[in-house]
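# Summary of the model geometry
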Amino acid sequence: MAKLIKSFGMVKLFFSYSHRDESLRDELEIHLSALKRQGVIETWHDRRIGAGKEFDSEISEHLETAQIILLLISPYFIASDYCYDIEMKRALELHKSGAARVIPVILHPCDWHNLPFGKLTAAPKDGKPVSRYPNHHDAFLEITLAIRDAAKDFAAATDEQAKGEAPAATSYPAARPVSDIRSSNLRIKKTFTQRDKDKFERDAYEYIEKYFENSLAELEARNANVETEFRRIDADQFTAAIYVGGAEASRCSIKFGGGGGYMGGITYSFGRSFGGGSMNEALTVEDDGYSLYLKALGMNLYRSDSEKLTFEGAAEAYWGLFIRRLQQ
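What counts, and at which threshold
Residues numbered from 1 in each chain as written. Predicted model: local features only at pLDDT ≥ 70, side-chain atom pairs only at ≥ 80, totals over all residues. Heavy atoms only, no water. Helix = DSSP H or I, 4+ residues; strand = E, 2+ residues; numbered from the N terminus. Polar contact = N/O pair within 3.5 Å; in protein donor to acceptor, adjacent residues only side chain to side chain. pLDDT = per-residue confidence, 0-100. Contact = heavy atoms within 4.5 Å. Pairing = 2+ DSSP bridges. Axes fitted to C-alpha atoms, helices over the stretch in contact; angles between N-to-C directions. Core = buried A, V, L, I, M, F, W, Y, C linked by side-chain atoms within 4.5 Å. Buried < 20%, exposed > 50% of the residue type's maximum accessible area, 1.4 Å probe, protein only. Phe/Tyr/Trp six-rings, centres within 6.5 Å; stacked < 30°, edge-to-face > 60°. Salt bridge = Lys/Arg side-chain N within 4 Å of Asp/Glu carboxyl O.

### Considering the environment of Arg20
- Mapped onto the fold, Arg20 is located in the loop between strand S1 (11-16) and helix H1 (22-31).
- Expressed as a C-alpha distance, the spacing of Arg20 and Tyr76, which sit 56 residues apart in the sequence, is 6.7 Å.
- Side chain to side chain, Arg20 and Tyr76 meet in a polar contact 3.4 Å long.

### Side note on the confidence of the model for the protein
- In the predicted model, the protein carries a mean pLDDT of 83, and 81% of its residues have values of at least 70.
- Across residues 1-8 the pLDDT falls below 50, and counting only partners more than four positions away or on other chains, this stretch makes 25 contacts in the model.
- Low pLDDT, under 50, characterises residues 166-177; the predicted model gives this stretch eleven contacts beyond four residues in sequence or across chains.

### A short note on the sheet that holds strand S4 (residues 101-106)
- Spatially, S2-S1-S3-S4 is the arrangement adopted by the four strands of the open sheet, whose pairing is parallel. Unpaired on one side and paired on the other, strand S2 (41-44) and S4 mark the two borders of the sheet. Between one strand axis and the next, the sheet turns through 25° on average, direction left out of account.

### Description of the nonpolar core
- Ranked by internal contacts, the top residues of the largest apolar core, which has 33 residues, are Ile208, Phe212, Ile254, Ile266, Leu283, Tyr318 and Phe322.
- Secondary structure elements with two or more residues in this core: helix H7 (194-222), strand S6 (237-244), strand S7 (247-256), strand S8 (266-270), strand S9 (281-287), strand S10 (292-296) and helix H8 (311-323).
- The residues touching Phe322, leaving out its near neighbours within four places in the chain, are Phe212, Leu216, Ala240, Ala241, Ile242, Ser250, Arg251, Cys252 and Tyr268.

### Some words on the packing of aromatic side chains
- Scanning the model with the defined rule gives 14 aromatic pairs in all.
- Ring plane angle 55° and centroid distance 4.9 Å describe the contact between Phe200 and Phe311, whose orientation is recorded as tilted. Of the two residues, Phe200 is situated in helix H7 and Phe311 in helix H8; the sequence distance between them amounts to 111 residues.
- Exposure remark for Phe311: the relative accessible area of 23% places this residue in the partly exposed category.
- With a centroid separation of 5.3 Å and 75° between ring planes, the pair formed by Phe212 and Trp319 is classed as edge-to-face. On the criterion of sequence distance, the pair formed by Phe212 in helix H7 and Trp319 in helix H8 is long-range, its members being 107 residues apart. With respect to class, Phe212 is no different from Trp319; both count as buried.

### Concerning the pattern of salt bridges
- Within the structure shown, the criterion is met by 19 salt bridges.
- Taking the shortest distance from any N to any O, the salt bridge between Asp236 and Arg202 comes out at 2.6 Å. Here the residue Asp236 occupies a position in the loop between strand S5 (226-234) and S6, and Arg202 occupies one in helix H7, the gap between them amounting to 34 residues.
- Across the salt bridge formed by Lys308 and Asp288, the nearest N and O atoms sit 2.6 Å from each other. With Lys308 in the loop between S10 and H8 and Asp288 in the loop between S9 and S10, this pair connects stretches of sequence that are 20 residues apart.
- Overall, Lys308 belongs to the partly exposed group, its relative accessible area being 30%.
- Among the residues examined, Asp288 registers a relative accessible area of 22% and is labelled partly exposed.
- Counted as one network, the salt bridges with shared partners bring together Glu22, Arg25, Asp26 and Arg47.

Below, the structure written as structure tokens:
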């Protein structure tokens with residue numbers, strides 16, 4: 001019989017990730033707080049390695065004793081020799097033996113389906129990258145529920161195994177070293193300058209511009225009867241158009257206004273108009289004391305007041321306005 005669980009008590013979860021994705025790992029771990037408070041899981045990652053401890057041996061010890069192993073997949077993870085050749089390969093061996101459950105968590109778009117873990121069920125649903133969600137909290141909730149289900153499987157296996165074995169002396173999880181005991185909630189508030197916000201807004205506009213240019217090219221390549229047009233007016237504005245069978249099916253204008261407020265921010269207009277005070281949506285930069293994000297005014301996107309858009313979330317939201325006429 002395959003070894004289904006290594007120890008009784010709460011399920012131990014191991015994060016395998018690139019340090020380039022640390023901020024998303026932190027956000028995910030915050031979402032797992034409910035599972036930790038309920039005694040369902042305990043989590044570990046390499047930032048818990050205490051001073052003076054040997055890096056490789058500490059990681060190996062915790063990887064070998066984990067019941068759930070999260071592979072936080074991104075281009076950075078795939079490019080990391082340590083993540084890919086050491087942690088991922090050993091994780092899949094543990095998964096195959098039944099000693100652990102491996103869950104690929106797709107953080108960013110990348111070519112992962114044909115890799116060794118590509119046949120495993122990924123989270124979020126359908127392997128949609130976290131960064132593609134306009135609101136990351138929706139993605140992290142799906143991941144949390146997948147982890148809860150996996151933990152339930154191990155709990156059921158523990159109960160079944162316990163019925164055929166003598167009662168264990170204790171059912172408590174092994175004590176962690178004192179140096180490992182600390183909170184994952186280590187963020188502190190900070191002040192963002194106007195320069196920070198202006199740069200964030202400019203970077204967001206340039207991301208949206210490239211997003212539209214690449215998406216139009218791909219749309220045309222995939223559809224024989226579709227032609228597209230991307231035209232950069234200047235450094236602060238561009239237009240995009242889709243023609244189906246030679247007839248214009250959709251057109252929009254996007255402008256970098258800067259400074260937020262009315263007609264500021266990154267504005268979206270249906271059609272060709274840039275002037276005359278006309279716009280149909282706008283994105284402005286805000287912060288919550290921890291990070292900068294984009295927020296829609298809600299004229300056409302109908303975003304909730306709490307929604308925090310990333311660059312990709314904002315670009316996809318504007319793209320959705322642009323292409324929905326062809327999808328209705």
